[in-house]
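# Working through the structure, step by step
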Amino acid sequence: MKTVIKRFTMRPVKRFKASHDGPVSPRAKEDVEVENCQDENIDKIVKSVEVTENETEDDDKLVGPPKIPLTTDIAKELLKLERSLAEQLSKIQFQKPVEYVYSPLEYAFNIHSMYVEKYCQNPKKILFLGINPGPWGMSQNGVPFGEISMVRKWLGISGDVGKPEREQPDRLVKGFACTRSEVSGKRFWCLFQELCEKPENFFLHAYLRNYCPIALMDVKGRNITPADLKENEQKMVQRICDKTLVDTIKLLKIETVIGIGRFAEKRAQLAVQAAGLKTKVTFIPHPSPRAVGNANWNDKAVKRLQEINLLRYFTK
């Protein structure tokens, strides 16, 4: 057996908050200093990764995304789905303890459109699925896990951002002028910057979106995740978000959904099963610094991608 070593260097509620790209709560203390991308040595991790030729099935060969008819504008159709998603969610009248709801697909739609149009023009094999926007990430700029410096410098996206209808005083939306760093977003994008070098290499086979594109918080600015909502509100959110997730999977011809954390994995499993899709669903650990034992998240994420035989899609 030949071994090949591969390198993977109702808007009556105060609407619009800064929640977060993952399921961890509370949200208010994301003040941890962010390490530089180079602080976690990915090269050292992935040098030990070995992929044998007979482990790759015929339908998993490393080829580019399938060609699509010229009449199909995937980015345009995806943006339509997301506009509809935001509009439907805006009609939900959340009750206390929800005091603020931020919908970056409304006030930061121009930046979100840049993200979609730049990086989602073709079908994808893999869909990374977060939960909802973070206070210093997507809530600031409309990009999932949108840590400001990574969005501007690595993804090459910037521009003007609007404002929510009402803002929580400690969670103001300042767009690209925001000086706070979203730790989860920094970790996520830094990992794939190290693995892929260029964002085009990441998006060749993969795409990242959030399950629920609104951020919710209480009067003090504490995060309220979709899982924390009252039962009737959860059902409304899940019905709307599940349908859009399924429509997105079909549009992008997704083969595998990777939930970023167990909550995202569970929601994807339920949506895929209910729709009768054959799409695989799995997970990687969530990059939140507040998760127990998560200091070496890069190591865990790389090893998990290797375990599920998807690490080979993220190369320089």
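When you go through the protein residue by residue, the secondary structure sums to 11 helices and 9 strands. Counting every position in the protein, which comprises 316 residues, the buried fraction comes to 56%. Accessible surface computed for the protein: about 13900 Å², of which carbon and sulfur atoms make up 49%.

With that settled, the discussion passes to helix α4 (residues 109-119). Among all positions in α4, only Phe109, Ile111, His112, Ser113, Tyr115, Val116 and Tyr119 are buried. Where α4 is buried, its residues contact α2 (74-89), α3 (104-107), α5 (138-141), α7 (183-196), α8 (199-203) and β5 (206-210).

Looking now at the pairing of strand β4 (residues 126-130). Where burial is concerned, most of β4 is hidden: 5 out of the 5 residues are buried. Covered by surrounding structure in β4 are Ile126, Phe128 and Gly130 together with Leu127 and Leu129, the residues of both alternating faces. Sheet topology note: the β4/β5 ladder contains 5 bridges and is parallel. From the neighbouring strand, isoleucine 126 faces β5, where its bridge partner is alanine 206.

This brings us to the environment of alanine 177. By secondary structure assignment, the location of alanine 177 is in the loop between α6 (148-153) and α7. In this structure the C-alpha to C-alpha distance between alanine 177 and aspartate 160, which are 17 residues apart in sequence, comes to 9.6 Å.

We now examine unusual backbone geometry. For the bond running from lysine 96 to proline 97, omega is 20°, close enough to zero to count as cis. Mapped onto the secondary structure, proline 97 falls in the loop between α2 and β3 (100-102). The backbone of phenylalanine 145 shows a phi angle near 50°, a positive value even though the residue is not glycine. Here phenylalanine 145 shows up in the loop between α5 and α6. Located in the positive-phi region is glutamate 197, a residue other than glycine, with phi close to 70°. Residue glutamate 197 is classed as partly exposed on the basis of its relative accessible area, which comes to 46%.

Glancing now at the pairing of strand β9 (residues 280-284). For a regular strand, side chains alternate in direction, first toward one face of the sheet and then toward the other. In this structure, strand β8 (residues 256-260) lies alongside β9, joined through 5 bridges in parallel fashion. Following the sheet pairing, valine 257 is matched in β9 by valine 281. In this region the chain leaves β8, passes through helix α10 (residues 262-275) and returns to the parallel neighbour β9; the handedness of that crossover is right-handed.

Moving on to the environment of leucine 172. As for its placement among the helices and strands, leucine 172 is situated in the loop between α6 and α7. Leaving out residues up to four positions away in the same chain, leucine 172 has contacts with Trp136, Gln140 and Glu167.

Taken in spatial order, the 3 strands of this open sheet run β3-β6-β7, and their pairing is antiparallel. With one partner strand each, in any of the chains shown, β3 and β7 (223-224) form the two edges of the open sheet. Sheet topology note: the strand β6 (residues 215-217)/β7 ladder contains 2 bridges and is antiparallel. Bridge assignment links methionine 217 to a residue of β7, and that residue is asparagine 223.

A separate point is the packing of helix α9 (residues 231-252) against α10. Contact geometry of α9 with α10 gives a least axis separation of 9 Å together with a crossing angle of 70°. One way to sum up the angle between α9 and α10 is to call them roughly perpendicular. Seen from α9, the contacting residues are Gln238, Asp242, Leu245, Val246 and Ile249; seen from α10, they are Arg267, Ala268, Ala271, Val272 and Ala275.

Cut-offs used in this document
- Residues numbered from 1 in each chain as written.
- Predicted model: local features only at pLDDT ≥ 70, side-chain atom pairs only at ≥ 80, totals over all residues.
- Heavy atoms only, no water.
- Helix = DSSP H or I, 4+ residues; strand = E, 2+ residues; numbered from the N terminus.
- Buried < 20%, exposed > 50% of the residue type's maximum accessible area, 1.4 Å probe, protein only.
- Areas by Shrake-Rupley, 256 points an atom, 1.4 Å probe, with all protein chains shown as cover.
- Contact = heavy atoms within 4.5 Å.
- Pairing = 2+ DSSP bridges.
- Right-handed = clockwise from strand over helix to strand, strands pointing away.
- Axes fitted to C-alpha atoms, helices over the stretch in contact; angles between N-to-C directions.
- Parallel < 35°, antiparallel > 145°, perpendicular 65-115°, else oblique.

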